[in-house]
Amino acid sequence: MLSNVKQFPGSAVKYTPTKLEIAFYLCVGVWLLWLTSVSLLSGKPPAVTSPYVVVPVVLIGGILLGQVLAHRWTDGRTLELAFVALALAILATPIYANASAAVGVQLVALAGLAIIGRRRIRSAATDEKEQGAGVPSRQSASSQQILIAGLFLIGTILALGSQAAIALLIPLLLMTFWSIRKRSGAPRWLLVGAGIFVAEMAAVAVVTLGVRDHWPAWLSASDSLSSARHTLWSDALALWRENPIAGAGPGTFTESSEMASSTPHLAAVHSIVLQVAAELGAIGLLLLGTIFVLGLLLVTRGPRDQSLIAAGGWTSLAVHASIDHLEDFPVVWVTVGLVLGFSMGLSKAQRRGAMSGKAMLFNA
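Residues numbered from 1 in each chain as written. Predicted model: local features only at pLDDT ≥ 70, side-chain atom pairs only at ≥ 80, totals over all residues. Heavy atoms only, no water.

## Remarks on the overall build of the chain
Scanning the chain from N- to C-terminus turns up 14 helices and zero strands. When the accessible surface of the chain is totalled, it reaches about 16300 Å², and 68% of it is carbon and sulfur. (Helix = DSSP H or I, 4+ residues; strand = E, 2+ residues; numbered from the N terminus. Areas by Shrake-Rupley, 256 points an atom, 1.4 Å probe, with all protein chains shown as cover.)

Here it is, written out as C-alpha cells:
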C-alpha cells in the first residue's frame, strides 16, 4: 500500500531523469553512432525513415510521453491518456495484423498499470481528506474506470488478430491479474533474470530453426510461422556469417536474399534479432540486447505489482519481434515506450509522494 503517495493537481513537475534512464538514452545514442559507422563502412547510408533510426526515436518519445501521462493520471486526469490510447488504436487498426496485435498486447499492459495508478489515487485520497486537501472527483474516477475497461477491451480485440500475440497475451493477463489481486509481484532480480532468459530463448529458437535443413512440419501448417521464414532466416544467418562483427550494412539483406528481393511483403527478415545480426553484426546485436536489459532494469525499479506488468509487456514485445518484422511499424514502439514510461512515471510519483510525506512530518 502506498498511502503516502500525494497528488499535485494543477502543478508542474520538473522532469529529472534518473541515472539508469540516462544510461538507457546514452545506449540508444551509441546505437545510432554504430549505425552511422557501419553505414559509412558499407557505403549504405540509412534513410531517415529507416527502422534503425525511427524505432529508437519513437521509443524514447513514447517513454517521455508515458511519464507525462502517468503524472496526469495520478492527478486524477483522464482525457490525455484517453486521447493517446484512441490515437494508437486507430493507427494500429489498418496495418499488418501481427503489428496491430502487438499494439493490443501493450494496451492491455497499459490498462493494468492504469489500474495500479488509480489504486494509488484512492490510497492517497484518504490522507488528502484528512488534511482537507482536494481529491479527484467521483466523475473523474468513473472516467478512469471506463477508460481502463476500454483499454482492456480494445487491446484484447487487437491481440486476437495474431496467434503469436494470443500466446503472449495469456501469460501477460495472468501476470496482470495476479499483480492487481495480490498487490505484489516477483522480486526485481527474478523479473530481470526471467525477462533476459525468455528473450534469449526466443533468439536461440529463431537461430536454431534458421540453421535447420528443413522447416518442421507442424510449423508449416501454421499461418503465422510458414516455411518462408525458414528461407529468410537462413539467408540472414548466411549474410551474418560473411560479416560477423560489423554486419553487411543497413538494407543489404533484401539485396542478398532472392526471396526478399523478389517478394515485396517478405523484404524483411521477420526477426529483429537476425535482421540486426545480418546488417549491423555482433556489435549491433550486443547493443540491441543492452537496450532490452536496460529497459527491464528501468521498469523494475518501482513497486513489484507495476514492475511485473511492465516487465511482462516489454519482454512480450521482445519475443514477438524475434519472430516478426515489428521494427517496420513505429506505432508498436511508441506504444511499448508508453508502457515503459507510464510505469516509470508511477514510480517517480511514488518517490515524490514519499518525499512530500517526509517533509510534512518534519514540518509538523
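## A word on the environment of A321
On the secondary structure map, A321 appears in helix α13 (residues 304-322). Taking the C-alpha atoms as reference, A321 lies 9.8 Å from A203; in sequence the two are 118 residues apart.

## Quick look at a nonpolar patch on the surface
A cluster of nonpolar side chains, F197, V198, M201 and V204, forms an exposed patch at the surface whose accessible area comes to about 350 Å². Among the secondary structure elements, M201 is positioned in helix α7 (residues 188-211). (Patch = residues over 30% accessible without salt bridge, like charges linked within 9 Å, V, L, I, M, F, W, Y side chains within 5 Å. Salt bridge = Lys/Arg side-chain N within 4 Å of Asp/Glu carboxyl O.)

## Comments concerning the nonpolar core
Ranked by size, the top nonpolar core spans 77 residues in total, and within it F24, L110, L280, V332, W333 and F342 carry the most contacts. The biggest single contributor to this core is helix α4 (residues 97-130), with 13 residues. In contact with L280, not counting residues within four places along its chain, are W31, W34, L35, V38, Y52, I245, A246, G247 and Q275. By size, the runner-up hydrophobic cluster in this structure holds 17 residues, among which are W215, L232, L237 and L266. (Core = buried A, V, L, I, M, F, W, Y, C linked by side-chain atoms within 4.5 Å. Buried < 20%, exposed > 50% of the residue type's maximum accessible area, 1.4 Å probe, protein only. Contact = heavy atoms within 4.5 Å.)

## Quick look at the pattern of salt bridges
Summed over all chains, the structure comprises three salt bridges. Taking the shortest distance from any N to any O, the salt bridge between K348 and E21 comes out at 2.9 Å. With K348 in helix α14 (residues 330-363) and E21 in helix α1 (residues 19-42), this pair connects stretches of sequence that are 327 residues apart. There is no split in this pair, since K348 and E21 are both buried. The salt bridge partner of R72 is E80, with a shortest N-O separation of 4.0 Å. On the accessibility criterion, R72 (27% relative accessible area) is partly exposed. Judged by relative accessible area, which is 30%, E80 ranks as partly exposed.

## As for helix α12 (residues 272-299)
Along its 28 residues, α12 runs just 22 Å from first to last C-alpha, ending more than 12% under the 40 Å computed at 1.5 Å per residue. By the largest-angle criterion, L280 marks the main kink of α12, which is about 135°. (Expected span 1.5 Å × (residues − 1). Bend = angle between axes of the 7 residues up to and from the residue.)

## Description of the confidence of the model for the chain
Confidence in the prediction for the chain averages 87 pLDDT; 85% of positions are at 70 or higher. Of the regions scoring below 50 in pLDDT, residues 1-11 engages in 39 contacts with residues more than four places distant in sequence or in other chains. Here residues 126-135 is a poorly scored stretch, pLDDT under 50, and it has 12 contacts once near neighbours within four places are set aside; other chains count. (pLDDT = per-residue confidence, 0-100.)

## Here we look at the packing of aromatic side chains
Following the criterion strictly, the structure yields five aromatic pairs and no others. An angle of 25° between the planes, with centres 6.3 Å apart, marks the rings of F152 and F177 as stacked. On the criterion of sequence distance, the pair formed by F152 in helix α5 (residues 138-159) and F177 in helix α6 (residues 163-182) is long-range, its members being 25 residues apart. Given the relative accessible area of 49%, F177 is considered partly exposed. (Phe/Tyr/Trp six-rings, centres within 6.5 Å; stacked < 30°, edge-to-face > 60°.)

## Digging into unusual backbone geometry
In this structure, R183 is a non-glycine residue whose phi angle is positive, near 55°. Mapped onto the secondary structure, R183 falls in the loop between α6 and α7. Phi is positive for H270, close to 65°, though the residue is something other than glycine. By secondary structure assignment, the location of H270 is in the loop between α11 (258-262) and α12. Its relative accessible area of 5% is what places H270 among the buried residues.

## Quick word on the side chain of T18
Turning to its location among the elements, T18 is positioned in the segment before α1. On the basis of relative accessibility, which here comes to 17%, the residue T18 falls in the buried class. There is a polar contact of 3.1 Å between the side chain of T18 and the backbone nitrogen of E21. Ignoring anything within four residues of it in the chain, the contact list for T18 reads L298, R301, K348 and R351. (Polar contact = N/O pair within 3.5 Å; in protein donor to acceptor, adjacent residues only side chain to side chain.)

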